[in-house]
Amino acid sequence: MKPAAFAYHRARDLREATELLAELGEDAKLLAGGLSLVAMMNFRLARPSALVDLGRVEGLSYLRRENGALRIGALTTHHAVETGREVLGEEFAVLADAARHLGHHPIRTRGTFGGSIAHCDPTAEWCLLAVLLDARVVVTSAARGSRTIPAAEFLRGYFSTAAEPDEAVVEVVFPAPARHAALTEFAPRKGDFALVAAAVELDMADGRCRRGRVALGGVDATAVRVPAAEAVLTDASPADDLWLAAADAAARAIEPGSDAHASADYRRRLTRTLVLRALREAVAR
Ligand SMILES: Cc1cc2nc3c(=O)[nH]c(=O)nc-3n(C[C@H](O)[C@H](O)[C@H](O)COP(=O)(O)OP(=O)(O)OC[C@H]3O[C@@H](n4cnc5c(N)ncnc54)[C@H](O)[C@@H]3O)c2cc1C
(Lines give C-alpha, C1' and ligand atoms only; values in the text may rest on other atoms or scores of the structure.)
Protein backbone atom coordinates (compact mmCIF):
# COMPACT_ATOMS: atom_id res chain seq x y z
CA MET A 1 0.00 0.00 0.00
CA LYS A 2 0.94 3.64 -0.38
CA PRO A 3 0.78 6.19 2.45
CA ALA A 4 -1.99 8.78 2.72
CA ALA A 5 -0.99 12.22 1.40
CA PHE A 6 1.35 14.25 3.62
CA ALA A 7 3.42 17.43 3.44
CA TYR A 8 7.22 17.03 3.52
CA HIS A 9 9.67 19.42 5.21
CA ARG A 10 13.43 19.02 5.41
CA ALA A 11 14.87 20.60 8.56
CA ARG A 12 18.30 22.23 8.42
CA ASP A 13 18.87 21.99 12.15
CA LEU A 14 17.19 20.85 15.35
CA ARG A 15 15.87 24.33 16.09
CA GLU A 16 14.10 24.47 12.74
CA ALA A 17 12.79 20.90 13.18
CA THR A 18 11.19 21.70 16.54
CA GLU A 19 9.83 25.04 15.28
CA LEU A 20 8.21 23.19 12.40
CA LEU A 21 6.72 20.62 14.80
CA ALA A 22 5.20 23.43 16.87
CA GLU A 23 3.88 25.22 13.78
CA LEU A 24 2.47 22.15 12.01
CA GLY A 25 0.63 20.80 15.06
CA GLU A 26 0.36 17.40 16.66
CA ASP A 27 -0.34 15.48 13.43
CA ALA A 28 3.19 16.27 12.19
CA LYS A 29 5.92 13.69 12.80
CA LEU A 30 9.69 13.67 12.75
CA LEU A 31 11.30 11.38 10.18
CA ALA A 32 14.66 9.80 11.07
CA GLY A 33 15.60 6.49 9.40
CA GLY A 34 11.97 6.02 8.34
CA LEU A 35 12.11 2.25 8.89
CA SER A 36 9.27 2.09 11.38
CA LEU A 37 7.35 5.25 10.50
CA VAL A 38 7.20 4.76 6.73
CA ALA A 39 6.18 1.10 7.15
CA MET A 40 3.35 2.20 9.44
CA MET A 41 2.34 4.90 6.96
CA ASN A 42 2.27 2.39 4.11
CA PHE A 43 -0.07 0.19 6.14
CA ARG A 44 -2.09 3.32 7.03
CA LEU A 45 -1.45 2.60 10.71
CA ALA A 46 0.00 6.13 10.87
CA ARG A 47 -1.36 9.09 8.87
CA PRO A 48 0.79 12.09 9.75
CA SER A 49 -0.30 15.29 8.02
CA ALA A 50 3.36 16.32 7.64
CA LEU A 51 6.86 14.85 8.01
CA VAL A 52 9.81 16.85 9.27
CA ASP A 53 12.92 15.11 7.96
CA LEU A 54 15.92 15.08 10.32
CA GLY A 55 18.15 13.37 7.76
CA ARG A 56 20.26 16.46 6.98
CA VAL A 57 20.52 17.73 10.57
CA GLU A 58 24.15 17.73 11.65
CA GLY A 59 25.64 17.11 15.08
CA LEU A 60 23.16 14.49 16.27
CA SER A 61 25.15 11.42 15.30
CA TYR A 62 27.71 10.55 17.97
CA LEU A 63 28.85 8.10 20.62
CA ARG A 64 30.65 9.96 23.39
CA ARG A 65 32.13 9.01 26.78
CA GLU A 66 32.01 11.75 29.43
CA ASN A 67 32.77 11.34 33.14
CA GLY A 68 31.98 7.63 33.03
CA ALA A 69 28.71 8.18 31.16
CA LEU A 70 27.92 7.26 27.57
CA ARG A 71 26.01 9.75 25.39
CA ILE A 72 24.36 8.60 22.17
CA GLY A 73 23.04 11.21 19.73
CA ALA A 74 19.51 10.67 18.37
CA LEU A 75 20.63 10.20 14.76
CA THR A 76 23.36 7.67 15.58
CA THR A 77 22.64 4.57 13.53
CA HIS A 78 22.37 1.10 15.02
CA HIS A 79 25.38 0.19 12.88
CA ALA A 80 27.48 2.96 14.45
CA VAL A 81 26.73 1.45 17.87
CA GLU A 82 27.49 -2.04 16.60
CA THR A 83 30.90 -0.91 15.32
CA GLY A 84 31.63 1.60 18.08
CA ARG A 85 33.57 -0.68 20.43
CA GLU A 86 36.51 1.69 20.63
CA VAL A 87 34.32 4.30 22.31
CA LEU A 88 32.04 1.87 24.15
CA GLY A 89 34.95 -0.05 25.70
CA GLU A 90 34.33 -3.03 27.97
CA GLU A 91 32.05 -0.88 30.13
CA PHE A 92 29.37 -0.51 27.47
CA ALA A 93 30.18 -3.50 25.25
CA VAL A 94 26.65 -4.80 25.87
CA LEU A 95 25.33 -2.19 23.43
CA ALA A 96 27.57 -3.33 20.57
CA ASP A 97 26.68 -6.96 21.33
CA ALA A 98 22.95 -6.18 21.45
CA ALA A 99 23.03 -4.38 18.09
CA ARG A 100 23.60 -7.66 16.28
CA HIS A 101 20.07 -8.74 17.27
CA LEU A 102 18.55 -5.63 15.74
CA GLY A 103 17.09 -6.43 12.32
CA HIS A 104 19.41 -7.04 9.37
CA HIS A 105 22.50 -5.15 8.27
CA PRO A 106 20.66 -2.70 5.93
CA ILE A 107 18.26 -1.86 8.75
CA ARG A 108 21.11 -1.21 11.13
CA THR A 109 22.80 1.14 8.67
CA ARG A 110 19.70 3.36 8.37
CA GLY A 111 17.70 3.04 11.60
CA THR A 112 18.57 5.45 14.40
CA PHE A 113 18.95 5.20 18.15
CA GLY A 114 16.63 8.16 18.78
CA GLY A 115 14.05 6.79 16.33
CA SER A 116 14.00 3.47 18.15
CA ILE A 117 13.60 5.10 21.57
CA ALA A 118 10.87 7.45 20.26
CA HIS A 119 9.07 4.60 18.50
CA CYS A 120 8.97 2.57 21.76
CA ASP A 121 8.40 -0.95 20.45
CA PRO A 122 7.91 -3.35 23.43
CA THR A 123 10.83 -5.55 22.31
CA ALA A 124 13.24 -2.89 20.97
CA GLU A 125 16.76 -3.64 22.19
CA TRP A 126 17.62 0.02 22.84
CA CYS A 127 14.49 0.56 24.93
CA LEU A 128 15.32 -2.56 26.94
CA LEU A 129 18.90 -1.47 27.65
CA ALA A 130 17.77 2.09 28.45
CA VAL A 131 15.38 0.76 31.10
CA LEU A 132 17.93 -1.75 32.42
CA LEU A 133 20.73 0.80 32.80
CA ASP A 134 18.62 3.73 34.07
CA ALA A 135 19.36 5.78 30.97
CA ARG A 136 18.02 9.32 30.59
CA VAL A 137 16.38 10.67 27.48
CA VAL A 138 17.08 14.30 26.59
CA VAL A 139 14.30 15.99 24.60
CA THR A 140 13.93 19.53 23.36
CA SER A 141 11.20 21.82 22.02
CA ALA A 142 11.43 25.27 20.42
CA ALA A 143 9.10 26.79 23.03
CA ARG A 144 10.33 25.25 26.28
CA GLY A 145 13.94 24.20 25.70
CA SER A 146 15.43 20.91 26.90
CA ARG A 147 14.43 18.50 29.62
CA THR A 148 15.77 15.14 30.75
CA ILE A 149 13.46 12.21 31.45
CA PRO A 150 14.41 8.84 33.02
CA ALA A 151 13.93 6.11 30.39
CA ALA A 152 11.50 4.21 32.62
CA GLU A 153 9.23 7.28 32.62
CA PHE A 154 9.86 8.20 29.00
CA LEU A 155 8.81 4.77 27.67
CA ARG A 156 5.14 4.72 28.62
CA GLY A 157 3.65 1.75 26.75
CA TYR A 158 2.98 0.34 23.29
CA PHE A 159 4.44 2.93 20.89
CA SER A 160 3.82 5.66 23.45
CA THR A 161 6.33 7.97 25.15
CA ALA A 162 6.39 10.98 27.47
CA ALA A 163 7.61 13.28 24.64
CA GLU A 164 5.17 16.05 23.73
CA PRO A 165 4.21 16.32 20.03
CA ASP A 166 6.49 19.37 19.61
CA GLU A 167 9.53 17.71 21.25
CA ALA A 168 12.43 15.91 19.59
CA VAL A 169 14.73 13.35 21.20
CA VAL A 170 18.23 14.84 21.23
CA GLU A 171 20.27 12.13 22.92
CA VAL A 172 20.17 9.20 25.33
CA VAL A 173 22.58 9.18 28.26
CA PHE A 174 23.71 5.96 29.96
CA PRO A 175 24.99 7.29 33.29
CA ALA A 176 27.35 4.58 34.55
CA PRO A 177 29.50 1.74 33.21
CA ALA A 178 27.90 -1.70 33.01
CA ARG A 179 30.79 -4.11 32.72
CA HIS A 180 28.85 -7.26 33.66
CA ALA A 181 25.84 -6.85 31.41
CA ALA A 182 24.26 -9.01 28.73
CA LEU A 183 21.21 -9.08 26.48
CA THR A 184 19.72 -12.29 25.09
CA GLU A 185 16.59 -12.78 23.04
CA PHE A 186 14.61 -15.21 20.96
CA ALA A 187 13.14 -14.38 17.56
CA PRO A 188 11.59 -17.09 15.36
CA ARG A 189 13.63 -15.85 12.37
CA LYS A 190 16.97 -14.08 12.45
CA GLY A 191 16.45 -10.33 12.06
CA ASP A 192 12.83 -10.34 13.28
CA PHE A 193 11.72 -8.51 16.37
CA ALA A 194 12.19 -10.72 19.43
CA LEU A 195 9.30 -12.60 21.01
CA VAL A 196 11.00 -12.06 24.37
CA ALA A 197 14.26 -10.29 25.19
CA ALA A 198 16.08 -10.31 28.55
CA ALA A 199 18.83 -7.97 29.71
CA VAL A 200 20.74 -8.13 32.97
CA GLU A 201 23.49 -6.21 34.72
CA LEU A 202 25.47 -7.34 37.76
CA ASP A 203 27.49 -5.33 40.26
CA MET A 204 30.24 -7.77 41.24
CA ALA A 205 32.81 -7.03 43.94
CA ASP A 206 35.02 -9.15 46.23
CA GLY A 207 33.55 -12.36 44.86
CA ARG A 208 29.97 -11.30 45.71
CA CYS A 209 27.05 -10.18 43.64
CA ARG A 210 26.19 -6.91 45.38
CA ARG A 211 23.27 -5.98 43.16
CA GLY A 212 21.60 -7.20 39.98
CA ARG A 213 19.31 -5.55 37.48
CA VAL A 214 16.93 -7.54 35.29
CA ALA A 215 14.78 -6.12 32.49
CA LEU A 216 12.47 -7.81 29.99
CA GLY A 217 11.03 -6.90 26.62
CA GLY A 218 8.04 -8.55 24.95
CA VAL A 219 6.20 -9.45 28.16
CA ASP A 220 4.46 -6.11 28.79
CA ALA A 221 3.47 -2.91 26.99
CA THR A 222 7.06 -1.69 27.14
CA ALA A 223 10.41 -2.82 28.55
CA VAL A 224 10.11 -3.46 32.29
CA ARG A 225 12.42 -4.09 35.23
CA VAL A 226 11.68 -7.16 37.37
CA PRO A 227 12.17 -6.24 41.07
CA ALA A 228 11.40 -9.80 42.27
CA ALA A 229 14.35 -11.18 40.29
CA GLU A 230 16.58 -8.27 41.31
CA ALA A 231 15.83 -8.95 45.01
CA VAL A 232 17.18 -12.49 44.61
CA LEU A 233 20.46 -11.10 43.25
CA THR A 234 21.08 -8.61 46.08
CA ASP A 235 24.19 -9.34 48.17
CA ALA A 236 24.40 -12.97 47.12
CA SER A 237 27.05 -15.51 46.35
CA PRO A 238 27.45 -15.87 42.56
CA ALA A 239 26.67 -19.45 41.56
CA ASP A 240 24.48 -21.22 39.06
CA ASP A 241 21.84 -21.85 41.77
CA LEU A 242 21.54 -18.09 42.21
CA TRP A 243 21.08 -17.47 38.50
CA LEU A 244 18.44 -20.21 38.37
CA ALA A 245 16.59 -18.73 41.34
CA ALA A 246 16.60 -15.27 39.73
CA ALA A 247 15.40 -16.66 36.39
CA ASP A 248 12.58 -18.55 38.16
CA ALA A 249 11.62 -15.38 40.05
CA ALA A 250 11.50 -13.40 36.79
CA ALA A 251 9.29 -16.00 35.10
CA ARG A 252 6.93 -16.05 38.11
CA ALA A 253 6.71 -12.26 38.35
CA ILE A 254 5.45 -11.51 34.84
CA GLU A 255 1.96 -11.61 33.34
CA PRO A 256 2.68 -11.83 29.60
CA GLY A 257 -0.14 -11.83 27.07
CA SER A 258 -0.92 -14.44 24.40
CA ASP A 259 -1.11 -13.49 20.74
CA ALA A 260 -0.73 -15.00 17.28
CA HIS A 261 3.06 -15.25 17.80
CA ALA A 262 3.25 -16.98 21.19
CA SER A 263 1.17 -18.06 24.17
CA ALA A 264 1.64 -16.51 27.60
CA ASP A 265 3.04 -19.80 28.87
CA TYR A 266 5.63 -19.94 26.07
CA ARG A 267 6.70 -16.36 26.81
CA ARG A 268 7.08 -17.26 30.49
CA ARG A 269 9.26 -20.27 29.64
CA LEU A 270 11.31 -18.17 27.25
CA THR A 271 11.78 -15.60 30.01
CA ARG A 272 13.23 -18.19 32.38
CA THR A 273 15.64 -19.53 29.76
CA LEU A 274 16.73 -16.10 28.51
CA VAL A 275 17.27 -14.57 31.96
CA LEU A 276 19.35 -17.58 32.98
CA ARG A 277 21.40 -17.34 29.78
CA ALA A 278 21.91 -13.59 30.21
CA LEU A 279 23.05 -13.96 33.84
CA ARG A 280 25.57 -16.66 32.92
CA GLU A 281 26.87 -14.47 30.10
CA ALA A 282 27.05 -11.33 32.25
CA VAL A 283 29.03 -12.94 35.05
CA ALA A 284 31.48 -14.47 32.59
CA ARG A 285 32.42 -11.07 31.16
C1 LIG B 1 12.48 -5.73 8.87
C2 LIG B 1 12.72 -4.87 10.10
C3 LIG B 1 13.22 -5.48 11.24
C4 LIG B 1 13.44 -4.72 12.38
N5 LIG B 1 13.92 -5.34 13.50
C6 LIG B 1 14.11 -4.62 14.62
C7 LIG B 1 14.57 -5.23 15.82
O8 LIG B 1 14.84 -6.45 15.87
N9 LIG B 1 14.72 -4.45 16.91
C10 LIG B 1 14.43 -3.10 16.90
O11 LIG B 1 14.57 -2.46 17.92
N12 LIG B 1 14.01 -2.50 15.79
C13 LIG B 1 13.83 -3.21 14.65
N14 LIG B 1 13.37 -2.58 13.53
C15 LIG B 1 13.05 -1.13 13.58
C16 LIG B 1 14.29 -0.30 13.34
O17 LIG B 1 15.21 -0.51 14.35
C18 LIG B 1 14.03 1.21 13.31
O19 LIG B 1 15.25 1.74 12.95
C20 LIG B 1 13.60 1.90 14.58
O21 LIG B 1 12.50 1.32 15.20
C22 LIG B 1 13.16 3.34 14.31
O23 LIG B 1 14.24 4.09 13.88
P24 LIG B 1 14.14 5.02 12.63
O25 LIG B 1 15.34 5.88 12.69
O26 LIG B 1 13.92 4.24 11.40
O27 LIG B 1 12.84 5.93 12.98
P28 LIG B 1 11.62 6.41 12.09
O29 LIG B 1 10.94 5.23 11.47
O30 LIG B 1 12.02 7.52 11.21
O31 LIG B 1 10.69 7.00 13.26
C32 LIG B 1 10.06 6.16 14.19
C33 LIG B 1 9.23 7.02 15.15
O34 LIG B 1 10.09 7.82 15.96
C35 LIG B 1 9.85 9.22 15.76
N36 LIG B 1 11.17 9.84 15.79
C37 LIG B 1 12.25 9.54 15.03
N38 LIG B 1 13.31 10.27 15.42
C39 LIG B 1 12.88 11.06 16.44
C40 LIG B 1 13.51 12.02 17.29
N41 LIG B 1 14.81 12.32 17.18
N42 LIG B 1 12.76 12.61 18.24
C43 LIG B 1 11.44 12.30 18.40
N44 LIG B 1 10.80 11.40 17.64
C45 LIG B 1 11.51 10.78 16.68
C46 LIG B 1 9.13 9.33 14.41
O47 LIG B 1 8.33 10.47 14.35
C48 LIG B 1 8.32 8.04 14.44
O49 LIG B 1 7.17 8.20 15.22
C50 LIG B 1 13.16 -3.31 12.38
C51 LIG B 1 12.67 -2.70 11.22
C52 LIG B 1 12.45 -3.45 10.09
C53 LIG B 1 11.92 -2.76 8.86
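Above this text is the structure in question.
Only a predicted model underlies this, so the values are computations on that prediction, with no experimental measurement involved.

### What about the overall build of the chain?
Turning to step 1, where the next piece is worked out: The number of helices and strands found in the chain is twelve helices and 14 strands.
Turning to step 2, where the next piece is worked out: For the chain, the C-alpha radius of gyration of 19 Å lies close to 19 Å, the compact-globule estimate for 285 residues.
Turning to step 3, where the next piece is worked out: Its C-alpha atoms put the chain at 60 × 45 × 30 Å along the principal axes.
Turning to step 4, where the next piece is worked out: When the 285 residues of the chain are sorted by exposure, 52% land in the buried category.
Turning to step 5, where the next piece is worked out: Long-range pairs, those at least 24 residues apart, make up 61% of the contacts in the chain between residues at least 6 apart in sequence.
Turning to step 6, where the next piece is worked out: For the chain, the exposed surface amounts to about 13,200 Å²; the carbon and sulfur share of it is 50%.

### Remarks on the side chain of His180
Turning to step 1, where the next piece is worked out: Take His180: it is sitting in strand β11 (residues 180-186).
Turning to step 2, where the next piece is worked out: Residue classification places His180 among the buried positions, given a relative accessible area of 16%.
Turning to step 3, where the next piece is worked out: A distance of 3.1 Å separates the side chain of His180 from the backbone oxygen of Ala282, its partner in a polar contact.
Turning to step 4, where the next piece is worked out: A polar side-chain atom of His180 sits 3.3 Å from the main-chain carbonyl oxygen of Arg285.

### Observations concerning the site of the ligand
Turning to step 1, where the next piece is worked out: Surrounding the ligand, one finds 29 residues, the nearest of these being Leu30, Gly34, Thr112, Glu125 and Val169.
Turning to step 2, where the next piece is worked out: Measuring from an oxygen atom of the ligand, one finds a backbone N or O atom of Gly103 at 3.3 Å.
Turning to step 3, where the next piece is worked out: At 2.7 Å, a side-chain N or O of Thr112 approaches an oxygen atom of the ligand.
Turning to step 4, where the next piece is worked out: For the shell around the ligand, the elements supplying multiple residues, two or more each, are β2 (28-31), α7 (113-119) and β10 (168-174).
Turning to step 5, where the next piece is worked out: It is α7 that provides the largest number of residues to the shell around the ligand, a total of four residues.

### Notes on the sheet that holds strand β1 (residues 7-10)
Turning to step 1, where the next piece is worked out: With respect to topology, three strands assemble into an open sheet ordered β1-β3-β2, the strand pairing being parallel. With partners counted over all chains shown, the strands left at the sheet margins are β1 and β2, one partner each. The sheet shows a mean angle of 25° between the axes of neighbouring strands, taken without regard to direction.
Turning to step 2, where the next piece is worked out: Note that β1 and strand β3 (residues 50-53) share four bridges and pair parallel. Each residue of the ladder has a partner; that of Tyr8, found in β3, is Leu51.

### Topic: the packing of aromatic side chains
Turning to step 1, where the next piece is worked out: On inspection of all chains with the given rule, the structure shows two aromatic pairs.
Turning to step 2, where the next piece is worked out: With 4.9 Å between their ring centres and 20° between their planes, Phe113 and Trp126 make a pair best called stacked. Of this pair, Phe113 sits in helix α7 while Trp126 is found in helix α8 (residues 125-132), placing the two residues 13 residues apart along the sequence. Neither residue differs from the other here; Phe113 and Trp126 are each classed as buried.
Turning to step 3, where the next piece is worked out: Between Phe113 and Phe174, the ring centres sit 6.2 Å apart and the planes meet at 85°, which makes this aromatic pair edge-to-face. Here the residue Phe113 occupies a position in helix α7, and Phe174 occupies one in strand β10, the gap between them amounting to 61 residues.
Turning to step 4, where the next piece is worked out: Under the relative-accessibility criterion, Phe113 is labelled buried at 0%.
Turning to step 5, where the next piece is worked out: In this structure an aromatic cluster arises from ring pairing among Phe113, Trp126 and Phe174.
Turning to step 6, where the next piece is worked out: The aromatic ring of Tyr62 is capped on one face by Arg64, whose charged end is 3.8 Å from the ring centroid.

### Focus: helix α1 (residues 14-24)
One turn of the α-helix equals 3.6 residues, which is why residues spaced by three or four share an orientation.
Turning to step 1, where the next piece is worked out: For α1, the set of buried residues is Leu14, Glu16, Ala17, Thr18, Leu20 and Leu21.
Turning to step 2, where the next piece is worked out: The elements touched by buried residues of α1 are β1, β2, β3, β6 (136-141) and β10.

The rules behind these values
- Residues numbered from 1 in each chain as written.
- Predicted model: local features only at pLDDT ≥ 70, side-chain atom pairs only at ≥ 80, totals over all residues.
- Heavy atoms only, no water.
- Helix = DSSP H or I, 4+ residues; strand = E, 2+ residues; numbered from the N terminus.
- Rg over C-alpha atoms; globule rule 2.2 N^0.38 Å.
- Buried < 20%, exposed > 50% of the residue type's maximum accessible area, 1.4 Å probe, protein only.
- Contact = heavy atoms within 4.5 Å.
- Areas by Shrake-Rupley, 256 points an atom, 1.4 Å probe, with all protein chains shown as cover.
- Polar contact = N/O pair within 3.5 Å; in protein donor to acceptor, adjacent residues only side chain to side chain.
- Near = heavy atom within 4 Å.
- Pairing = 2+ DSSP bridges.
- Axes fitted to C-alpha atoms, helices over the stretch in contact; angles between N-to-C directions.
- Phe/Tyr/Trp six-rings, centres within 6.5 Å; stacked < 30°, edge-to-face > 60°.
- Lys NZ or Arg CZ within 6 Å of the ring centre and 35° of its normal.

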